[in-house]
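# Coordinates in review
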Amino acid sequence: MKSQEECRTIQFLVLRKTPYDDRTLIVAGLSLELGKLTLRMPAPRPSPRRPAKPFLDLFQLLQVDFLPQGEWGRCTHFTPLREPCQVASRREAFEAACFLSRLTLDNLLPQMPMPAFFQSLLVALERLPQGELPPAAVLTGVGLTLLNESGLLSPVNLAPREAAQCHLLLQMAAGNPPPPLPANLWTELWQWTRNRLLEAEFRLPPE
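First, a word on scope: everything that follows refers to the structure included in this document.

Scoring rules and cut-offs
Residues numbered from 1 in each chain as written. Predicted model: local features only at pLDDT ≥ 70, side-chain atom pairs only at ≥ 80, totals over all residues. Heavy atoms only, no water. Helix = DSSP H or I, 4+ residues; strand = E, 2+ residues; numbered from the N terminus. Rg over C-alpha atoms; globule rule 2.2 N^0.38 Å. Buried < 20%, exposed > 50% of the residue type's maximum accessible area, 1.4 Å probe, protein only. Pairing = 2+ DSSP bridges. Axes fitted to C-alpha atoms, helices over the stretch in contact; angles between N-to-C directions. Contact = heavy atoms within 4.5 Å. Core = buried A, V, L, I, M, F, W, Y, C linked by side-chain atoms within 4.5 Å. Expected span 1.5 Å × (residues − 1).

Once that is clear, we can look at the overall build of the protein chain. When helices and strands are tallied, the protein chain shows five helices and five strands. The N-to-C order of helical and strand elements in the protein chain reads β-β-β-β-β-α-α-α-α-α. For the protein chain, the C-alpha radius of gyration of 18 Å lies close to 17 Å, the compact-globule estimate for 207 residues. For the protein chain, the spread of C-alpha atoms along the three principal axes comes to 60 × 40 × 30 Å. Here the protein chain holds 207 residues, and 44% of them are scored as buried.

Next up, the structure:
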């Protein structure tokens, strides 16, 4: 077993950041290896001679070195793994990303990795700013992935057409090309997925 003070390295997706004091940020997010995680990170410290560089961006993927401290951790070093997410450039995309952030933080448990859901979030945050898919399509893929990885989307409980459709949408959420569907059908699929999440007693933020 790793000791409590042994440094670990993980992939970490930033989903919320909160100022704690003038030197510390509390950053909540999802890690590939450990599931939901909250980290203490050093806040940027501007000086008169040199303005502070951006510390980190919301929805950014990082490689983080940290010391575990119970359900929290203290970040010792981080490196961005890809360019900052441009999701804030479109209002409806940003609102969908915030919905996914709250869905994740309100429902997932610490120390429970969900690699397929983690991947679906990365794909969603890449697609939302592009605007090629309506937000309902992106939300559908992530929602179905959450249900499936939680063991709540068994093909046995679905009609054959529903099972085939879910399989295709799960592949889309993992990064495969989406099916060419009209916007109204994506809305219907998201409502179907949303109802399944509510039936499974997931806590959903308001849309």
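The next subject is the sheet that holds strand S4 (residues 61–69). Within the closed barrel, the five strands sit side by side as S1-S2-S3-S5-S4. Their pairing is mixed. Adjacent strand axes in the sheet meet at a mean angle of 50°, parallel and antiparallel pairs treated alike. Pairing of S4 with strand S5 (residues 72–80) involves eight bridges; the strand directions are antiparallel. Bridge pairing links Pro 68 to Gly 73 in S5. Here helix H1 (residues 91–107) sits on the sheet and contacts strand S1 (8–21), strand S2 (24–31) and strand S3 (35–42); the angle it forms with S1, its principal contact strand, is near 100°. Together, S1, S2 and S4 form the strand contacts of helix H2 (residues 115–127), whose direction differs from that of S1 by roughly 65°.

What follows deals with the nonpolar core. Among the nonpolar cores identified, the biggest contains 46 residues, and Leu 100, Phe 117, Leu 144, Leu 146, Leu 153 and Trp 186 are the most heavily contacted of them. Of all the elements in the fold, those that place two or more residues in this core are S1, S2, H1, H2, helix H3 (135–149), helix H4 (160–173) and helix H5 (183–199). If one sorts the elements of this core by residue count, H3 sits on top with eight residues. Apart from residues no more than four positions distant in its own chain, Leu 146 is found in contact with Leu 103, Leu 108, Met 114, Phe 117, Leu 197 and Phe 202. The next biggest cluster of nonpolar side chains, apart from the first, holds 15 residues, and it includes Val 14, Leu 25, Ala 43 and Phe 66.

Our next topic: unusual backbone geometry. Backbone geometry follows two general trends: most residues other than glycine have a negative phi, and most peptide bonds adopt the trans configuration. Phi angles above zero are rare outside glycine, and Phe 59 is one such case at about 70°. Secondary-structure assignment places Phe 59 in the loop between S3 and S4. Under the relative-accessibility criterion, Phe 59 is labelled buried at 3%. Even without a glycine there, the phi angle at Glu 201 is positive, about 70°.

An α-helical segment advances 3.6 residues per turn. Residues three or four places apart therefore align on the same side. An ideal rise of 1.5 Å per residue puts 18 Å on 13 residues; H2 measures up with 18 Å between its terminal C-alpha atoms. Buried within H2 are the following residues: Phe 117, Phe 118, Ser 120, Leu 121, Leu 122, Val 123, Ala 124, Leu 125 and Arg 127. Considering only its buried residues, H2 is in contact with S1, S2, S4, H1, H3 and H4.

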